[in-house]
Amino acid sequence: MKYAPVQNFINGKFISSTSKRKLDIVSPIDGVLLSEVPMSLHIELDNAVRAAKNAFIHWSKMPVKERVQVFFRYRNLLEKNLQPLAQLCSEENGKTINESIAEVEKSIELTEFACSMPQLIAGEVLEVSRGVECRTEHAPLGVVASIVPFNFPNMVPNWTIPNAIVLGNCMILKPSEKVPLSSQKIAELLKDSGLPDGVFNIINGDAEIVEAICDHPEIEAISFVGSTKIAKMVYQKATHNYKRCLALGGAKNHLMVLPDAMPDMTAQNIAASMSGCAGQRCMAASAMVGVGNVDAIINKICDEAKKIIPGKNLGAVINQQSKERIEKYITEAEEQGAKILVDGRNTKVEGKENGTYVGPTVIDYVKPEMAVAKEEIFGPVISIMRVKTVDEALEIENANPYGNAASVFTQNGGMARYIIDKASAGMIGVNVGVPVPREPFSFGGWNESKFGTGDITGKSSIEFWTKLKKSTIKWNPEAGVNWMS
Ligand code: NAD
């Protein structure tokens, strides 16, 4: 085993779980055994919640300007440790080192946003009647939990940790059991940044501990990022228990390509969007709808896809099960009459024979009713459908139950605006293959890609992680009679 077994992090200390149930952590890159992760016990969750509750007493009372000082230091430590953090992220997730560097850089950007919180959460005050003022303040919720997926081991935890904690909450993080190593480093860096014990805790585990989190009476709010099936389950369970919940789910992002799109830029963007992080992004291009004659662009997409080499500029998918699932989708589409223009099945990387790679795959003449057109594949695969009009393209996009992102490629501003208005997705790109809003804009989809109110990052997250306190104050009772007296 390359690394020590994964531990929980409770009250500022790494503690080994006493659970007998453990899972191996195997690198998707080459099949090397990296570590093992415990499926923690309920009592361990209770200990973490107790630590967080105790820490909340002091942490929540600190002025936000003091709380952010910890995160200025954390931001600098992320930057200082960028290379080793990226290396670890690559090893456990399978993505390339450049993608991992970009991921940690995004964590830095998220932390910088949290450091601007004092400027963002200043409340309001108004003299509402003579001698009487109303004011608002953002109060933290208490102990909160963040449950995260495998595809961004460093960035997605940092979607929630800096904002929730700077806003005065104390957190329990439940990392993905497939990639728990990056979170261990995050805990170390937060401790080195001077975060008081108990403010941030990690409990490792799988479905069982997620259910215990949803049922825990002393957890006030839960953020979840993962597949739609589990997002729905977590949202239902958490809100049934009267908790605040924001649950982000899966995606099927449509790129609508108009005949006037700039061929080179469009092809490069689409190939990069469908294959980046081996297609394991909730923002990945998954379905392309070509309007009219876009043959030249499709040819260029194939040329670009062929430049993407597994093991070089294309990482591995998370495990063998995932590789088989993706290849099955491709085979089914082929059997149903779609044409495989670039085929990523049966990919082996020399020297990394135990890695789980799928090459870039371009499937043309896909019909809207096929599974590859409708379902989230989560691999480096693009399914191309062809239609005659923009409205037909929008009909396909609108009919899909997800609604994370959609993009349009065109040089016609009016047409782009039309698609922005009509697409049923939370994040829209114009000539952008991966339309992730950068800070301070917030991240979040629509429809079956998100359950709950508000977004998970940016300004919108402030409403999720805090509650408003409204005070009405009379400073000068003898100032004369008014309607409030
Ligand atoms: P997943 O739903 O399998 O797991 C997410 C979390 O839920 C993990 O921590 C896991 O331990 C837990 N979990 C798994 N099964 C569970 C169960 N039965 N009951 C309770 N908890 C359970 O997701 P994943 O495979 O880790 O991640 C990929 C998915 O996440 C994709 O669908 C992707 O689109 C989605 N995702 C969405 C966003 C977004 O912003 N919308 C961002 C990243 C990933």
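Structure first, text after, so check above.
The paragraphs below set out a description of the structure included in this document. (Residues numbered from 1 in each chain as written. Predicted model: local features only at pLDDT ≥ 70, side-chain atom pairs only at ≥ 80, totals over all residues. Heavy atoms only, no water.)

Examining the sheet that holds strand β18 (residues 427–430)
To be explicit about the condition: Two strands are said to pair when DSSP picks up at least two bridges between them. For the purposes of this entry, the term helix denotes a DSSP run of H or I that reaches at least four residues, the term strand denotes a run of E that reaches at least two, and both are numbered from the N terminus. Lines fitted to the C-alpha atoms define the axes, with helices restricted to the stretch that makes contact. Angles between their N-to-C directions range from 0 to 180 degrees. Contacts: residue pairs with any heavy atoms within 4.5 Å of one another.
Taking strand neighbours across the sheet as the criterion, the 7 strands line up as β14-β15-β16-β13-β12-β17-β18 in an open arrangement whose pairing is mixed. Edge positions in the open sheet fall to β14 (339–342) and β18, since each of these has one partner strand only. Between one strand axis and the next, the sheet turns by 20 degrees as a mean value, whatever way the strands run. Along the sheet face, helix α11 (residues 295–306) touches β12 (253–257), β13 (285–291), β14, β15 (361–364) and β16 (381–387) and points at about 55 degrees away from the line of β14.

A look at the packing of aromatic side chains
How we decide: Only the six-membered ring of Trp is used, alongside the rings of Phe and Tyr, when aromatic pairs are assigned; centres must lie within 6.5 Å, and planes under 30 degrees apart are stacked while those over 60 apart are edge-to-face, with the rest tilted. Throughout this description, buried means an accessible area under 20% of the type-specific maximum (1.4 Å probe, protein chains only), exposed means over 50%, and partly exposed covers the range between. Here, a charge over a ring means that NZ of Lys or CZ of Arg falls within 6 Å of the ring centre while also lying within 35 degrees of the ring normal.
Taken as a whole, this structure holds 7 aromatic pairs when the rule is applied. The interplanar angle of 50 degrees and the centroid separation of 4.8 Å between the aromatic rings of F9 and F14 together place this pair among those described as tilted. The buried category is assigned to F9, whose relative accessible area is 4%. Ring geometry for W159 and F443: centres 4.6 Å apart, planes at 40 degrees, overall tilted. Of the two residues, W159 sits in helix α6 (residues 155–166) while F443 sits in the loop between β18 and β19 (450–451), which places them 284 residues apart along the sequence. Among the residues examined, W159 registers a relative accessible area of 4% and is labelled buried. When its relative accessible area of 4% is taken as the criterion, F443 is described as buried. In this arrangement the basic side chain of K95 is found over the ring face of F152, its NZ or CZ atom lying 3.7 Å from the centre.

Quick look at the layout of surface pockets
Keep this limit in mind: Cavities and pockets are defined on a 1 Å grid built over the protein atoms alone: a cavity is a set of grid points where a 1.4 Å probe fits but cannot escape, while a pocket is an open set with protein on both sides within 12 Å along at least five of seven lines, and lining residues are those with an atom within 4 Å of any such point. Grid points are joined across faces, edges and corners, and a volume is the space filled by probe spheres set on the points.
Approximately 370 Å³ is the volume attributed to the second largest pocket. As for the second largest pocket, its lining consists of 21 residues, and the residues nearest its centre are S60, E137, H138, A139 and P140. Among the secondary structure elements, those contributing two or more residues to the lining of the second largest pocket are α2 (64–80), β6 (132–140) and β20 (466–474). Ranked by residues supplied to the lining of the second largest pocket, first place goes to β6 with 6 residues.

Quick look at the sheet that holds β6
Overall, antiparallel pairing links the 3 strands, which are arranged β5-β6-β20 in an open sheet. On the outer flanks of this sheet lie β5 (125–129) and β20, each paired with one strand and no other. Geometrically, the sheet is characterised by an average inter-axis angle of 30 degrees between neighbouring strands, direction not taken into account. Here β5 runs beside β6; their pairing, made up of 4 bridges, is antiparallel. Looking at the pairing, E127 lines up with E133 of β6.

With respect to helix α14 (residues 390–399)
The following threshold applies: To be clear, the arc concerns the directions from the helix axis to the C-beta atoms.
Regarding α14, the residues found buried are V390, A393, L394, I396 and E397. Seen end-on, α14 carries its buried residues on one side only, within an arc spanning 155 degrees. Of the exposed residues in α14, the ones pointing more than 90 degrees away from its buried face are E395 and A399. Taken together, the buried residues of α14 touch β12, β13, β16, β17 (405–409) and α15 (413–422).

Details of empty space enclosed by the protein
For clarity, the cut-off: Here the term charged refers only to Asp, Glu, Lys and Arg, the term nonpolar to Ala, Val, Leu, Ile, Met, Phe, Trp, Tyr, Cys and Pro, and the term polar to all other amino acids, Gly among them.
This model, assessed by the stated rule, comprises 2 cavities of 30 Å³ or more. Approximately 80 Å³ is the volume found for the largest cavity. Lining the largest cavity are 13 residues, and of these G279, R281, A284, S286 and F378 sit closest to its centre. Taken together, the residues that form the lining of the largest cavity break down as 6 nonpolar, 4 polar and 3 charged. What lines the second largest cavity is F9, G12, L190, K191, L195, P196, D197, G198 and F200. When its residues are assigned to classes, the lining of the second largest cavity shows 5 nonpolar, 2 polar and 2 charged.

Concerning the site of the ligand
Rules: Residue proximity to a molecule or strand is established when one non-hydrogen atom of the residue lies within 4 Å of it. Distance and chemistry together define a polar contact, namely a pair of N or O atoms within 3.5 Å, with one atom able to donate a hydrogen and the other to accept it when in protein, and with adjacent residues in sequence counting only for side-chain atoms on both sides. For accessible areas, the Shrake-Rupley method is used with a probe of radius 1.4 Å. Any residue's cover is judged against the shown protein chains and nothing else. The source of the domain bounds is an automatic or database domain assignment.
Near the ligand there are 28 residues, and of these K174, E177, S227, G249 and E376 occur at the shortest range. Residue V148 places a main-chain N or O atom 2.8 Å away from an oxygen atom belonging to the ligand. Computed on the free molecule, the ligand has an accessible area of 840 Å², of which 88% lies beneath the protein chains in the complex. Those elements that provide at least two residues to the shell around the ligand are α8 (207–215), β10 (221–225) and α9 (228–240). Here the shell around the ligand spans two domains, since at least three of its residues come from each of domain 1 (8–250 + 445–470) and domain 2 (253–430).

So, the nonpolar core
To keep it simple, the criterion reads: Among buried residues, those of type Ala, Val, Leu, Ile, Met, Phe, Trp, Tyr and Cys that are joined through side-chain atoms within 4.5 Å constitute a nonpolar core.
F71 and F200 are the most contacted members of the largest nonpolar core, which totals 87 residues. Examining the composition of this core, we find that 8 residues originate from one element, helix α1 (residues 42–59), more than from any other. Mapped onto the domain boundaries, this core takes at least three residues apiece from domain 1 (8–250 + 445–470) and domain 2 (253–430). Listed in part, the 37 residues of the second largest apolar core include M256, V291, A338 and A423.

A short note on a positive patch on the surface
Just so we agree on the cut-off: Exposure above 30% relative accessible area and the lack of any salt bridge qualify a residue for a patch; like charges then connect within 9 Å, and the nonpolar side chains Val, Leu, Ile, Met, Phe, Trp and Tyr within 5 Å. When a carboxyl oxygen of Asp or Glu is within 4 Å of a side-chain nitrogen of Lys or Arg, the pair counts as a salt bridge. Charge assignment in this entry is limited to Lys and Arg as positive and Asp and Glu as negative, and neither His nor the chain termini are counted. The location of each charge is read from NZ of Lys, CZ of Arg, CG of Asp or CD of Glu.
Taken together, K61, R244, K467 and K469 make up a surface patch of like positive charges. Note on placement: R244 falls in strand β11 (residues 244–248). With relative accessibility at 31%, the residue R244 sits in the partly exposed group.

Describing a nonpolar patch on the surface
Residues M1, V26 and L33 make up a contiguous nonpolar surface patch of about 250 Å² in total accessible area. Mapped onto the elements, L33 comes out in strand β4 (residues 33–38).

Here's the deal with unusual backbone geometry
Between E439 and the following residue, P440, the backbone shows a cis peptide bond with an omega angle of 5 degrees. Mapped onto the elements of the fold, P440 is located in the loop between β18 and β19. Phi angles above zero are rare outside glycine, and Y242 is one such case at about 65 degrees. Relative to the helices and strands, Y242 is located in the loop between α9 and β11. Even without being glycine, C277 reaches a positive phi, approximately 55 degrees. If you trace the backbone, C277 turns up in the loop between α10 (263–275) and β13.

Things to note about the packing of helix α3 (residues 82–93) against helix α7 (residues 181–192)
Definition in use: Convention used here: angles under 35 degrees read as roughly parallel, angles over 145 as roughly antiparallel, angles from 65 to 115 as roughly perpendicular, and any remaining angle as oblique.
Following both chains from N to C, one finds α3 and α7 inclined at 155 degrees, their axes separated by 9 Å at the closest point. It follows from the interaxial angle that α3 and α7 lie roughly antiparallel. Contacts between α3 and α7 involve L85, L88, C89 and E92 from the first element and L181, S182, K185 and L189 from the second. The residue inventory of the contact of α3 with α7, partitioned by class, reads 5 nonpolar, 1 polar and 2 charged.

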